[in-house]
Each structure stands twice: as C-alpha cells, then as structure tokens.
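The residues making up each chain are set out below.
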Amino acid sequence: MQTQPFRKMAIFDMDNTLLHKSFIYTAAEKLGFMPELRAIIQAGYSDIIRTQKIAQLLKGRTQEELIAVVRSIPLVGDAVSVIKGLKEKGYVCGIISDSYTCITNYVKEQLGMHFSCANVLEFHDNIATGVVSIPANFLKLPDNDCNHDYCKCNMMQHVRGQYDIEMQNILAIGDGVNDICMVRKAGIGIAFNTEHDRLKEVADHIFEERAFMPLLGLA
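Residues numbered from 1 in each chain as written. Predicted model: local features only at pLDDT ≥ 70, side-chain atom pairs only at ≥ 80, totals over all residues. Heavy atoms only, no water.

> Would you mind going over the nonpolar core with me for this structure?
Grouped burial of nonpolar side chains is what soluble globular proteins tend to show. Residues Phe12, Phe23, Tyr100, Phe212 and Leu215 are the most contacted members of the largest nonpolar core, which totals 48 residues. Once you skip the residues sitting within four places of it in the chain, Leu215 turns out to touch Phe12, Val82, Leu86, Leu171, Ile173, Ile190 and Phe207. (Core = buried A, V, L, I, M, F, W, Y, C linked by side-chain atoms within 4.5 Å. Buried < 20%, exposed > 50% of the residue type's maximum accessible area, 1.4 Å probe, protein only. Contact = heavy atoms within 4.5 Å.)

> What should I look at first to understand the pairing of strand 4 (residues 127-133) in this one?
In regular strands, side chains alternate between the two faces of the sheet. Across four bridges, the pairing between strand 3 (residues 115-124) and strand 4 is antiparallel. In the strand pairing of strand 4, Phe123 is matched with Ala128. Here strand 3 folds back onto strand 4 in antiparallel fashion, the turn holding two residues, of which Asp125 has a positive phi close to 50 degrees. (Pairing = 2+ DSSP bridges. Helix = DSSP H or I, 4+ residues; strand = E, 2+ residues; numbered from the N terminus.)

> I would appreciate a short explanation of the packing of aromatic side chains in the present structure.
The geometry of an aromatic ring pair comes down to the distance between the two centres and the angle between the two planes. This structure, assessed with the given rule, holds five aromatic pairs. Ring geometry for Phe115 against Tyr163: centres 6.0 Å apart, planes inclined by 35 degrees, an arrangement best described as tilted. With Phe115 in strand 3 and Tyr163 in helix 8 (residues 152-163), this residue pair connects regions lying 48 residues apart in the sequence. No difference in accessibility class separates Phe115 from Tyr163, as the two residues are buried. Measuring from ring centre to ring centre gives 5.1 Å for Phe138 and Tyr150, while their planes differ by 15 degrees; the resulting arrangement is stacked. Placement of Phe138 in the loop between strand 4 and helix 8 and of Tyr150 in the loop between strand 4 and helix 8 is noted, with a sequence separation of 12 residues between them. Here Phe138 matches Tyr150 in class, with each residue buried. (Phe/Tyr/Trp six-rings, centres within 6.5 Å; stacked < 30°, edge-to-face > 60°.)

> Sorry, what's going on with the side chain of Asp15 here?
When you line up the elements, Asp15 lands in helix 1 (residues 14-18). Here Asp15 sits buried without a salt bridge, and the closest side chain of opposite charge, Lys152, lies 6.9 Å off (N-O distance). Side-chain polar atoms of Asp15 contact the backbone nitrogen of Phe23, separated by 2.7 Å. Aside from chain neighbours lying at most four places away, what touches Asp15 is Lys21, Ser22, Phe23, Ser97, Asp98, Ser99 and Asp175. (Lys, Arg positive; Asp, Glu negative; His and termini not counted. Salt bridge = Lys/Arg side-chain N within 4 Å of Asp/Glu carboxyl O. Polar contact = N/O pair within 3.5 Å; in protein donor to acceptor, adjacent residues only side chain to side chain.)

So far we have only geometry, and geometry alone does not tell us how the molecule works.
In structure tokens form, the structure reads like this:
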C-alpha cells in the first residue's frame, strides 16, 4: 500500500452498509449452510474462533461461486456517486470488514475505492480450503484502549498510518456492533441504517435512510 497525498479518509463497513445484505448470510441461504452458520453465531465463541469456524463452512467452494453470491447483493444506490464525490474532495476511500478479501476486493473495484481490509480466505487450485488468515493489524494493540482481541479500529489505526492521515480527518461508517469502536474513534462516526442502540450512542451522526448522500455535507 503506497502513501498518497490525501488529506482525509472515509472507511466503510461492507455487510449491510455498502451492500444491502450480509455476504455470509446470503451465502448461507444460497449455498445451503444456514443452520450451521446460525449454530456458530449462537454458540458465543470469541471473535477469532467464530471467524475460523465460519470459514470452514466455505470449504470446497470455488472463488466463482463466492463472487456470484456477492454479485447477487445490490449495492446501496448512491454508493458509486458518493464515493466519487468523496474522492473529488480529497478523501482516500476504503473498506474495513470482517468478511474476506476475495469479496471486499470485488466490492472495492465496483465502487472505485482505494483499499479493502478483511480476513484472507485460503484457496488451493481455486477451491476454498476452509482455512482463514486473520491479518495481524486487526488484533489488539497495546496502546489502544479497546479491549477486544480482534477489532476494526486496530485496522483503522494501521491504514491511517499508511496514508499519514490524522484520526480527526477520518469518516467511519458502519451498521453493526462490531463497528462501534471504529465509529467511536473516528473523527466523524456514522451509524448507518442500524437497529443497534449502542452504535447510535457512540456515533456523531445517525443515518436512518439507506443512502450515503448526507456524507458529502459532512466531508
């Protein structure tokens, strides 16, 4: 990742934010492993163990099958135009997700974004092995007041350092509980079309509609 002369950064969650649905839940519906996915989610595993177990559900699937799933999920209608507008205002734009790079990179390219950060699903001869690598930059930092062993805010700290952008110049947009730390720490945090009160409490702004256009008024 090369340093660019950007002034500001916009970081988007992917599932239920840039995309109208969650990739892994949509995959579970289309590929037939919803009961197994729900059992893992309900078991109360740590974030890291849960991530590893969910990846095992994709074992034997081809990259094409997984891309077909994400291709079936609509993007938020104004995402392309708003990201273009943010870039024109000097923003570097990217995705931080707990999904997989094979999926986030596809979405990044569809939207003309600069980067995507996610877990790395392992493939052998184009077939998913069920093994996932969690980038070290997601893991707990000694100087971070976040107590999570795995957190998007750690990756946010890493990426902003790569681009030499101050935290107060970051927009962070997410919808879920796992976005709370990232939204809280960013200069401007957005709770996007969420039902989670804890996320709304830490956000600077709450977007009730599934549209990004109000971002341009904040940028």
